[in-house]
Amino acid sequence: MELESQLVSDSRAESLVRTCRTVAGDDLRSVTYFTHDRCEQLYLRADLEADADLTGFVEHETDGFQARTAYRGSELGNYRYTVRAFEHGYLTRVTVADRGVFVTTDGLTLRRSEELVSALSDLLRE
């Protein structure tokens, strides 16, 4: 896994971060864009340390690429996204084809999660 500094264009990164800020507001902690083998942290809230094992997180979150086929045909319908709950926040992962974004937040309601996923999915498809 390779940590990049220019995996996505500045305008695309700005759109992704702006979308997350609009939906999550001050609860937004971080935004990370990733592919199968590369990642770039697009945003990290100023009060947080930049010491997370980002590549370790991304290695787990690339499971989202396989989830689309693993759950195909289930009674639940098509796989859409993943939310992980932690002691101090939440991680929401959205994948489209060969790229994805995971967003960490302090708090997250189901409604805001759905809004975030819908907006990010549209941006990732562009």
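Worth saying up front: this structure is predicted, and the values here are computed from it rather than measured. (Residues numbered from 1 in each chain as written. Predicted model: local features only at pLDDT ≥ 70, side-chain atom pairs only at ≥ 80, totals over all residues. Heavy atoms only, no water.)

Each helix and strand in the protein chain was counted, giving four helices and six strands. In terms of overall dimensions, the protein chain is globule-like: its C-alpha atoms have a radius of gyration of 14 Å, near the 14 Å expected for 126 residues. Here the protein chain holds 126 residues, and 44% of them are scored as buried. Within the protein chain, contacts between residues at least 6 apart in sequence are counted, and of these 62% link residues at least 24 apart. Here the protein chain displays about 7200 Å² of accessible surface, and carbon together with sulfur accounts for 46% of that area. In the protein chain, which carries 15 positive and 23 negative side-chain charges, the distance between the mean positions of the two groups comes to 7 Å. (Helix = DSSP H or I, 4+ residues; strand = E, 2+ residues; numbered from the N terminus. Rg over C-alpha atoms; globule rule 2.2 N^0.38 Å. Buried < 20%, exposed > 50% of the residue type's maximum accessible area, 1.4 Å probe, protein only. Contact = heavy atoms within 4.5 Å. Areas by Shrake-Rupley, 256 points an atom, 1.4 Å probe, with all protein chains shown as cover. Lys, Arg positive; Asp, Glu negative; His and termini not counted. Charge placed at Lys NZ, Arg CZ, Asp CG, Glu CD.)

Here we come to the pairing of strand S3 (residues 38–44). Bridging between strand S2 (residues 28–35) and S3 involves five bridges; their strand directions are antiparallel. Among the inter-strand pairings, Phe34 is bridged to a residue of S3, identified as Cys39. Remark: two residues form the turn of the hairpin made by S2 and S3, two consecutive strands paired antiparallel. (Pairing = 2+ DSSP bridges.)

This next bit is on the pairing of strand S6 (residues 99–105). Burial within S6 is extensive, with seven of its seven residues counted as buried. Neither face of S6 is open: one carries Arg99, Val101, Val103 and Thr105, the other Gly100, Phe102 and Thr104, and all of them are buried. Where S2 lies against S6, seven bridges are found, and the strand directions are antiparallel. What sits directly across from Phe34, in S6, is Gly100. By the bridge criterion, seven bridges tie strand S5 (residues 89–96) to S6 in an arrangement that is antiparallel.

What follows concerns the confidence of the model for the protein chain. Of all residues in the protein chain, 95% have pLDDT values of 70 or greater, and the mean over the chain is 88. Averaged pLDDT values over the elements of the protein chain bottom out at 58 in strand S1 (residues 2–3) and peak at 96 in helix H1 (residues 10–24). (pLDDT = per-residue confidence, 0-100.)

If you look at the biggest cluster of nonpolar residues, it comprises 23 residues, and the most contacted ones within it are Val31, Tyr33, Leu42, Val101 and Leu120. For this core, the elements supplying multiple residues, two or more each, are H1, S2, S3, S5, S6 and helix H4 (110–125). A total of six residues in this core trace back to one element, the largest contributor, which is H1. With residues up to four places along the chain from it excluded, the contact list for Val101 reads Leu16, Val31, Thr32, Tyr33, Phe34, Thr92, Arg93, Val94, Leu120 and Leu124. Counting seven residues, the second largest nonpolar core, distinct from the first, contains Cys39, Leu54, Val58 and Phe65. (Core = buried A, V, L, I, M, F, W, Y, C linked by side-chain atoms within 4.5 Å.)

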